[in-house]
Amino acid sequence: MQVSVATQAGGTSPNEDWVAGTSTFAVVLDGLSTAGLDTGCVHGVPWYVAQLGGHVVAALADPDVPLPDALATALERVAKLHQTCDLKNPGTPSATVAILRERSDRIDHLVLADSPIVLERADGFTTLTDLRVDDVCQDLRAETERHATGSPEHRASVARLVAAQRQIRNTPEGYWVAASAPDAAFHALTGAVKPSEVRSAVVVSDGVSRLVTEYQMASWKDVFAQLRAEGPAALIATVRKVEGTDPYGQRWPRYKVGDDAAVAFCQRDTAE
């Protein structure tokens, strides 16, 4: 498997997305926004995703380890790196996780929260994602969409939404993300397909997938065509161009004018 990657911050703040790829797997993490609220951690989200990503890659060095176990091991190891921080704070740095791994007899996937994996098959495209977050705090989400992106009213409403989400994050009543507790890994959505069923795949943060799912300015067929022709960085540039036409979120209500973006494009050896 050939994996090409790209990531870019959505604005002037440090990038809270993270991506890595090897000949057998791809990993994308999307750090959750703090909306300026307390996290109980002195390190910050960019530090967290970098540490978690590195430890996920290390855990995947064993090709036989189940993906949830690899993620749980990484979560435990990262938690030990900042034990002096308040890891019980509901806003402790956290992230979505998407992992695709090719093995001799199958292609495994894991998704925890809304960074999707899209498989290109002979008969179309299959999206693997975890949208449990969309089922909570819908009234507060609707409130943020009434305000122009970046306005004081919008920033305040996003902070209220994030504060409410934190109270049900990693609980049975809410949704699950990677944070400090290893058991979150076992709430991820997982599965496997036969290698012969997949032509190629893309692992992305929602800062990229929204080009298709929210903006509806491209199809997955368009996305894969651009990836083949121009690569991941060009795809992110397309997202930025589209967002530039709606700087205040009037056409596409969103939390940020431009979200951090990460792409791992996985092309399989068709000669296999």
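Residues numbered from 1 in each chain as written. Predicted model: local features only at pLDDT ≥ 70, side-chain atom pairs only at ≥ 80, totals over all residues. Heavy atoms only, no water.

K.L.:
Is there a simple way to think about the overall build of the chain in this case?
P.N.:
Looking only at helices and strands, the chain has seven helices and ten strands in total. Whereas a compact globule of 272 residues would reach a radius of gyration of roughly 19 Å, the chain reaches 18 Å, a difference of no more than 12%. By principal-axis analysis of the C-alpha atoms, the chain measures approximately 55 × 45 × 30 Å. When burial is assessed residue by residue, the chain has 53% of its 272 residues classed as buried. For the chain, the share of sequence-separated contacts (at least 6 apart) that also reach a separation of at least 24 residues comes to 70%. A total accessible area of about 12,100 Å² is found for the chain, and carbon and sulfur atoms account for 51% of it. Averaging the coordinates of the 25 positive side-chain charges in the chain and doing the same for the 35 negative ones gives two points 2 Å apart. (Helix = DSSP H or I, 4+ residues; strand = E, 2+ residues; numbered from the N terminus. Rg over C-alpha atoms; globule rule 2.2 N^0.38 Å. Buried < 20%, exposed > 50% of the residue type's maximum accessible area, 1.4 Å probe, protein only. Contact = heavy atoms within 4.5 Å. Areas by Shrake-Rupley, 256 points an atom, 1.4 Å probe, with all protein chains shown as cover. Lys, Arg positive; Asp, Glu negative; His and termini not counted. Charge placed at Lys NZ, Arg CZ, Asp CG, Glu CD.)

K.L.:
Sorry, what's going on with the sheet that holds strand E6 (residues 117-121) here?
P.N.:
Note: strands within a sheet are paired through backbone hydrogen bonds, in either parallel or antiparallel orientation. Across the sheet, five strands lie side by side as E1-E10-E9-E6-E7; this open sheet has antiparallel pairing. Looking at strand neighbours, the two that pair on one side only are strand E1 (2-8) and strand E7 (124-128), the edges of this open sheet. Direction aside, the axes of adjacent strands within the sheet are offset by 15° on average. Across four bridges, E6 lies against strand E9 (residues 200-204) in antiparallel orientation. Among the inter-strand pairings, Ile 117 is bridged to a residue of E9, identified as Val 203. Strands E9 and strand E10 (261-267) of the sheet are contacted by helix H5 (residues 206-213), whose axis makes an angle of about 75° with E10. Running over the sheet, helix H6 (residues 220-230) touches E6, E7, E9 and E10 and is turned about 100° from E9. (Pairing = 2+ DSSP bridges. Axes fitted to C-alpha atoms, helices over the stretch in contact; angles between N-to-C directions.)

K.L.:
Would you mind going over the nonpolar core with me for this structure?
P.N.:
When a protein is soluble and globular, its nonpolar side chains tend to lie buried together. In this structure, Leu 52 and Leu 71 are the most contacted members of the largest nonpolar core, which totals 30 residues. Contributing elements (two or more residues each) for this core: strand E2 (17-21), strand E3 (25-31), helix H1 (45-59), helix H2 (67-81), strand E4 (95-102) and strand E5 (107-112). In terms of residue count, the dominant contributor to this core is H2 (seven residues). Those residues in contact with Leu 71, other than ones at most four positions away along the chain, are Leu 52, Val 56, Val 97, Leu 110, Leu 112 and Ala 185. Counting residues in each nonpolar core, the second largest holds 21 residues, with Val 118, Val 202, Leu 211 and Tyr 215 among its members. (Core = buried A, V, L, I, M, F, W, Y, C linked by side-chain atoms within 4.5 Å.)

K.L.:
What is the right way to read the environment of Arg 77 from this model?
P.N.:
Considering the arrangement of structural elements, one finds Arg 77 in helix H2. For the pair Arg 77 and Gly 207, spaced 130 residues apart in the sequence, the C-alpha separation amounts to 27 Å.

K.L.:
Got a minute to help me understand the sheet that holds E5 in this structure?
P.N.:
The antiparallel open sheet is built from five strands, whose spatial order is E2-E3-E4-E5-E8. Each having just a single partner strand, E2 and strand E8 (189-193) make up the two edges of the open sheet. Averaged over all neighbouring strand pairs, the angle between strand axes comes to 10°, with direction disregarded. In the sheet, E3 pairs with E4 via seven bridges, with the strands oriented antiparallel. Each bridged residue has a counterpart across the sheet, and for Asp 30 the counterpart in E4 is Thr 96.

K.L.:
Help me understand the pattern of salt bridges in this model?
P.N.:
Side-chain pairing between opposite charges can occur once the charged atoms of the two side chains come close. One pass over the full model with this rule turns up 16 salt bridges. The residue Arg 101 makes a salt bridge to Asp 108 at a minimum N-O spacing of 3.0 Å. Of the two residues, Arg 101 and Asp 108, neither departs from the other in class, the shared state being buried. The shortest N-O distance in the salt bridge between Glu 197 and Arg 121 comes to 3.0 Å. Note that Glu 197 is positioned in the loop between E8 and E9 and Arg 121 in strand E6, a separation of 76 residues in sequence. Look at Glu 197 and you get partly exposed, because its relative accessible area is 32%. Beyond isolated ion pairs, a larger network of salt bridges with shared partners links Asp 64, Arg 101, Arg 103, Asp 105, Arg 106 and Asp 108. (Salt bridge = Lys/Arg side-chain N within 4 Å of Asp/Glu carboxyl O.)

K.L.:
I keep staring at the side chain of Ser 200 and nothing clicks. Help me out?
P.N.:
Relative to the assigned elements, Ser 200 resides in strand E9. Of the residues examined, Ser 200 reaches a relative accessible area of 0% and is grouped as buried. A polar side-chain atom of Ser 200 sits 2.5 Å from a polar atom in the side chain of Glu 120. Within polar-contact distance, the side chain of Ser 200 engages the side chain of Arg 228 at 3.1 Å. Filtering out sequence-adjacent residues up to four positions away, Ser 200 remains in contact with Val 118, Leu 119, Glu 120, Phe 224, Arg 228, Phe 265, Cys 266 and Gln 267. (Polar contact = N/O pair within 3.5 Å; in protein donor to acceptor, adjacent residues only side chain to side chain.)

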